[in-house]
Amino acid sequence: MQIEIHHRPSYALAEVHLNSGETIVAEGGAMVSMDSHVSIETSAAKQGEGALKGLMKGLKRMVAGESFFQNRFTAVGQPGHVTFAPTHQGDVISQELSQGTLFLQSTAFLCSGTGVDVDAKWGGAKTFFGGEGLVMLKATGSGPIVFNSFGAIKEVDVDGEFIVD
């Protein structure tokens, strides 16, 4: 999978190039365009999750400002691409998680590889009074994740680790 970001820092979009059989999971309503041989499956649950667990995760995503359903785009029989854009104008960035954790502001998730799990996490009074809302998004696992902001994103390299400001 290869991800290219175009038109930064405002009106940015992510173009995801998939090898045959590869899948990308995206926020509902984020897809701008896709090849005709890319299949789409819409579900509240991840592949292999039970219906009850999928229902609970979908409800938690809604509380965090995301959509109840997520879409899975798979290149069938040949490589293909899918283009995603956030709901609001602003910047888009792609990061690679390696068994790590990334906290995002609610509504920031755009798409990720199947090895990344995005869940809602209670932020409490600290995030609420900090202007970030009561609920944050917690991304864990391994693989690419694409997220957005309202406005530009500045990357800072601090001792070999990238901090997004």
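Before reading further, recall that the structure is shown in the block above.
The notes below deal with the structure included here. (Residues numbered from 1 in each chain as written. Predicted model: local features only at pLDDT ≥ 70, side-chain atom pairs only at ≥ 80, totals over all residues. Heavy atoms only, no water.)

Turning our attention to the pattern of salt bridges. Applying the stated rule across the entire model yields one salt bridge. The partner of Asp91 in a salt bridge is Arg8, and the shortest N-O contact between them spans 2.7 Å. Of this pair, Asp91 sits in strand E8 (residues 91-105) while Arg8 sits in the loop between strand E1 (2-6) and strand E2 (13-18), and the two are 83 residues apart along the sequence. The buried category is assigned to Asp91, whose relative accessible area is 1%. Residue Arg8 is classed as partly exposed on the basis of its relative accessible area, which comes to 37%. (Salt bridge = Lys/Arg side-chain N within 4 Å of Asp/Glu carboxyl O. Helix = DSSP H or I, 4+ residues; strand = E, 2+ residues; numbered from the N terminus. Buried < 20%, exposed > 50% of the residue type's maximum accessible area, 1.4 Å probe, protein only.)

Before going further, it helps to spend a moment on the pairing of strand E7 (residues 80-84). Among the five residues in E7, four count as buried, and that is most of the element. In the sheet, E2 pairs with E7 via five bridges, with the strands oriented antiparallel. Looking at E7, one finds that Ala14 is bridged to Phe84. As paired strands, strand E4 (residues 31-34) and E7 are joined by three bridges and run antiparallel to one another. In the sheet register, Ser33 faces E7, and the bridge partner there is Thr83. (Pairing = 2+ DSSP bridges.)

In the segment running from Arg8 into Pro9, the intervening peptide bond is cis, with an omega of 0 degrees. A positive phi angle is found at His7, which is not glycine, with a value near 65 degrees. Counting through the fold element by element, His7 comes out in the loop between E1 and E2. What makes His7 exposed here is its relative accessible area of 54%. One non-glycine residue with positive phi stands out, namely Gln99, at about 50 degrees. Summarising the element assignment, Gln99 is placed in strand E8.

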